[in-house]
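# Structure assessment
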Amino acid sequence: MRFSEDEMVSALIALRENEKPVYGFFAAFFALIPAVSMYFLFADMGGALYVMFAIPPAMVGFAARFVGRSYKFKHRLPVGFLGVFAHLVGCYLLSLNPFLYLMAPVAFVISASVAKVKLERVHIWALDQEEMGKINTNKQLNRD
């Protein structure tokens, strides 16, 4: 299935207009409060499975995806670090096993990957075509 150049340019323009990485960062920052409180819920339960420690970084990433709608990895890096921060604070406050501190890279990957917005096929094709230099959105923006 092939898309026309106009479809791809309009899809890229819409994708970039909807992307707000700064708002996504602030949403992830404010999501730290419920994410860290999840660790207290785990402590109140009397213990937790290691799989449950993926929930707080996922909460941070989901808040960033909902508000920021970012697709670039460089815009999701701060969200990943906030997910690691939530994980480390939760482990410190609960005086958990030092082995759980080593799960910080896993928390980074979870929060950064959950923060990515799902792209449609036309967006993927348009990004690939722009990367190869076959379409130029700046020329189309100046024309309007």
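This is a predicted model, so every value here is computed, not measured. (Residues numbered from 1 in each chain as written. Predicted model: local features only at pLDDT ≥ 70, side-chain atom pairs only at ≥ 80, totals over all residues. Heavy atoms only, no water.)

## Some thoughts on the packing of aromatic side chains
With the rule as written, the count across this model stands at 6 aromatic pairs. With a centroid separation of 5.7 Å and an interplanar angle of 65 degrees, the aromatic rings of Phe25 and Phe26 are classed as edge-to-face. With 5.9 Å between their ring centres and 70 degrees between their planes, Phe29 and Phe30 make a pair best called edge-to-face. By relative accessible area, Phe29 is classed as partly exposed at 41%. (Phe/Tyr/Trp six-rings, centres within 6.5 Å; stacked < 30°, edge-to-face > 60°. Buried < 20%, exposed > 50% of the residue type's maximum accessible area, 1.4 Å probe, protein only.)

## With respect to the environment of Asn136
Mapping Asn136 onto the fold places it in the loop between helix H7 (121-132) and helix H8 (137-143). Residues Asn136 and Leu12 lie 124 residues apart in sequence; the distance between their C-alpha atoms is 9.9 Å. (Helix = DSSP H or I, 4+ residues; strand = E, 2+ residues; numbered from the N terminus.)

## Here's the deal with the confidence of the model for the protein
The predicted structure's coordinates, where accompanied by low pLDDT, should not be read in detail. In this model, the protein carries a mean pLDDT of 86, and residues with pLDDT of at least 70 account for 92%. Per-element confidence in the protein ranges from a low mean pLDDT of 57 for H8 to a high of 94 for helix H6 (residues 104-114). (pLDDT = per-residue confidence, 0-100.)

## Thoughts on H7
With 12 residues, H7 extends 17 Å from end C-alpha to end C-alpha; this agrees with the ideal 16 Å at 1.5 Å per step. The secondary structure elements touched by the buried residues of H7 are helix H1 (5-18). Of the residues one or two after H7, Gly133 is the one with positive phi, at around 90 degrees. (Expected span 1.5 Å × (residues − 1). Contact = heavy atoms within 4.5 Å.)

## Thoughts on the environment of Ile110
Position of Ile110 relative to the elements: it lies in helix H6. Note: C-alpha distance between Ile110 and Asn136 (26 residues apart in sequence) is 33 Å. Each residue touching Ile110, except ones within four places of it in the same chain, is listed here: Ala54, Pro57 and Ala58.

## Re the nonpolar core
By size, the foremost hydrophobic cluster in this structure holds 14 residues, and its most contacted members are Met8, Tyr71, Leu119, Leu127 and Ile135. Put simply, the parts of the chain that give this core at least two residues each are H1 and H7. With 6 residues, H1 is the largest single contributor of residues to this core. In contact with Leu119, other than residues within four places in its own chain, are Leu15, Tyr71, Ile124 and Leu127. In terms of nonpolar packing, the next biggest core, distinct from the first, is built from 10 residues, Val36, Val60, Ala64 and Ala86 among them. (Core = buried A, V, L, I, M, F, W, Y, C linked by side-chain atoms within 4.5 Å.)

## Points about the environment of Pro78
Its place among the elements puts Pro78 in helix H5 (residues 73-93). A sequence separation of 19 residues divides Pro78 from Met59, and the C-alpha atoms of the two residues are 14 Å apart.

## Here's the deal with the pattern of salt bridges
When the charged atoms of two side chains lie near each other, side chains of opposite charge can form a pair. Scanning the entire structure with this criterion turns up 1 salt bridge. Ionic pairing is found between Glu130 and Arg16, a salt bridge with its closest N-O pair at 2.5 Å. In this pair, Glu130 is assigned in helix H7 and Arg16 in helix H1, connecting sequence segments 114 residues apart. Given a relative accessible area of 25%, Glu130 falls into the partly exposed group. (Salt bridge = Lys/Arg side-chain N within 4 Å of Asp/Glu carboxyl O.)

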